[in-house]
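Now for the letters of each chain:
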Amino acid sequence: IPSIKEVIFHVYGAPLAIDLIHALHDGGCKRVVFIGYAYSSYLTVGSYLLSTKVYCLDGLTNLLNKRLKFSYPDIQLRDKIKTILDREGVAYKHGISVSITSIFHRVKNIRKKTIKKIKALEMELSSIYYFSKKLGMKSVGILIISDNKNNELYNGKKIRSECMLFILEKVIKNMGEL
């Protein structure tokens, strides 16, 4: 059975995500599957989003690399996750997410054309993708929509927990394929 240390969940914010990626790297981890929560204006609470690229507004990646606009998952690992999700019958969407500095951050200075393509707001994924790649690790992110314009973050805690347990079960069951 593959090690559970390759699956990250319940991490809040870019600084902790960066520390965790470095700790996993130092412990010999080669790949990371991040499962986290996100806000979406378009998707329903409990939906899954496989992030294809992340707009870097987390305050750290774009501070360290001023020219960095996007960070990306490892394509091979993303494709393997897609295969697993499809085979397991897990419905998901894919698209762009934006890593922001806090849940109260307002997305500004993004072209309106790009805003229409954004599926979710989260706080960790750009740092996970950026630092994983920088350290020679492969990473991919699965986001669970925790709130949207109709449901506040504090509502639906049971749905979020059930979705987390469901996707964790599917990923851990199939870790040998990653």
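Residues numbered from 1 in each chain as written. Predicted model: local features only at pLDDT ≥ 70, side-chain atom pairs only at ≥ 80, totals over all residues. Heavy atoms only, no water.

Student: I tried to follow the overall build of the chain on my own but got confused; where do I start?
Tutor: Of the regular secondary structure elements, the chain holds six helices and seven strands. Of all 178 residues assigned to the chain, the portion counted as buried reaches 49%. Contacts in the chain between residues at least 24 apart in sequence constitute 79% of all its contacts with a sequence separation of at least 6. Summed over all atoms, the accessible surface of the chain reaches about 9600 Å², with 56% contributed by carbon and sulfur. (Helix = DSSP H or I, 4+ residues; strand = E, 2+ residues; numbered from the N terminus. Buried < 20%, exposed > 50% of the residue type's maximum accessible area, 1.4 Å probe, protein only. Contact = heavy atoms within 4.5 Å. Areas by Shrake-Rupley, 256 points an atom, 1.4 Å probe, with all protein chains shown as cover.)

Student: I keep staring at helix H3 (residues 75-87) and nothing clicks. Help me out?
Tutor: Residues spaced three or four apart along an α-helix face the same direction, because each turn holds 3.6 residues. The end-to-end C-alpha separation of H3 is 18 Å, in line with the 18 Å expected for 13 residues at 1.5 Å each. Taken residue by residue, H3 has Leu-77, Arg-78, Ile-81, Ile-84 and Leu-85 as its buried positions. Down the axis of H3, the buried side of the element spans an arc of 120 degrees, and every buried residue falls inside it. Buried residues along H3 sit against strand S2 (31-40), strand S3 (48-57), strand S7 (138-148) and helix H6 (157-173). Where H3 begins, the capping side chain belongs to Asp-74, and its oxygen is found 3.2 Å from the backbone nitrogen of Gln-76. Remark: Gly-89 follows H3 within two positions and exhibits a positive phi of approximately 75 degrees. (Expected span 1.5 Å × (residues − 1). Arc of directions from axis to C-beta. Polar contact = N/O pair within 3.5 Å; in protein donor to acceptor, adjacent residues only side chain to side chain.)

Student: I keep staring at the packing of aromatic side chains and nothing clicks. Help me out?
Tutor: By convention here, two paired aromatic rings are described through the distance between centres and the angle between planes. Scanning all chains against the criterion turns up four aromatic pairs. Ring geometry for Phe-70 versus Tyr-72: centroids 6.4 Å apart, planes at 45 degrees, classification tilted. Every member of this aromatic cluster is reached through a ring pair, and the members are Tyr-55, Phe-70 and Tyr-72. Above the plane of the ring of Phe-70 lies Lys-53, whose end atom (NZ or CZ) is 4.1 Å from the centre. (Phe/Tyr/Trp six-rings, centres within 6.5 Å; stacked < 30°, edge-to-face > 60°. Lys NZ or Arg CZ within 6 Å of the ring centre and 35° of its normal.)

Student: Please clarify how helix H5 (residues 125-134) should be interpreted in this entry.
Tutor: The buried count for H5 comes to eight of ten residues, which makes it a mostly enclosed element. When we look at burial in H5, the residues that qualify are Leu-125, Ser-126, Ser-127, Ile-128, Tyr-129, Tyr-130, Phe-131 and Ser-132.

Student: Just checking my understanding: could you explain the nonpolar core for this structure?
Tutor: Side chains of nonpolar character tend, in soluble globular proteins, to be buried together. Judged by nonpolar contacts, the single largest core of 22 residues is most densely connected at Ile-21, Val-32, Ala-120, Leu-125, Met-137 and Leu-143. Sorting elements by how many residues they give to this core places H5 first, with five residues. Excluding residues within four positions of it along the chain, Met-137 makes contact with Ile-21, Leu-24, His-25, Cys-29, Lys-30, Val-32 and Ser-132. Ranked by size, the runner-up nonpolar core spans 21 residues in total, among them Tyr-48, Val-140, Ile-144 and Leu-178. (Core = buried A, V, L, I, M, F, W, Y, C linked by side-chain atoms within 4.5 Å.)

Student: Help me out: how do you make sense of the packing of helix H1 (residues 14-26) against H5 in this one?
Tutor: The axes of two packed helices give the description: the angle between them and the distance between them. Running from amino to carboxyl end, H1 crosses H5 at an angle of 30 degrees, the nearest separation of the two axes being 9 Å. Classed by the angle they form, the pair H1 and H5 counts as roughly parallel. Note that H1 runs across H5; the crossing there is right-handed. Contacts from Ala-14, Ala-17, Ile-18, Ile-21 and His-22 in H1 reach Ser-127, Ile-128, Phe-131 and Ser-132 in H5. (Axes fitted to C-alpha atoms, helices over the stretch in contact; angles between N-to-C directions. Parallel < 35°, antiparallel > 145°, perpendicular 65-115°, else oblique. Left-handed = near helix turned anticlockwise from the far one by under 90°.)

Student: Please clarify how the pairing of S7 should be interpreted in this entry.
Tutor: Within a regular beta strand, the side chains point alternately toward one face of the sheet and then the other, so they alternate between its two faces. Counted residue by residue, S7 has ten buried out of eleven residues, so it is predominantly covered. Relative to S7, S2 runs parallel, the two being bridged by ten bridges. Across the sheet, residue Ser-40 finds its bridge partner in S7, namely Asn-148. Relative to S7, S3 runs antiparallel, the two being bridged by three bridges. Across the sheet, Leu-49 pairs through a bridge with Leu-143, a residue of S7. (Pairing = 2+ DSSP bridges.)

Student: Looking at this structure, I do not really get the confidence of the model for the chain. What am I missing?
Tutor: Counting all residues, the mean pLDDT for the chain is 84, and 83% of those residues have values of 70 or more. The element-level mean pLDDT for the chain is lowest in helix H4 (residues 112-115), coming to 54, with H3 highest at 96. Here residues 1-5 is modelled with pLDDT under 50, and outside its nearest four sequence neighbours on either side it reaches nine contacts, counting other chains as well. (pLDDT = per-residue confidence, 0-100.)

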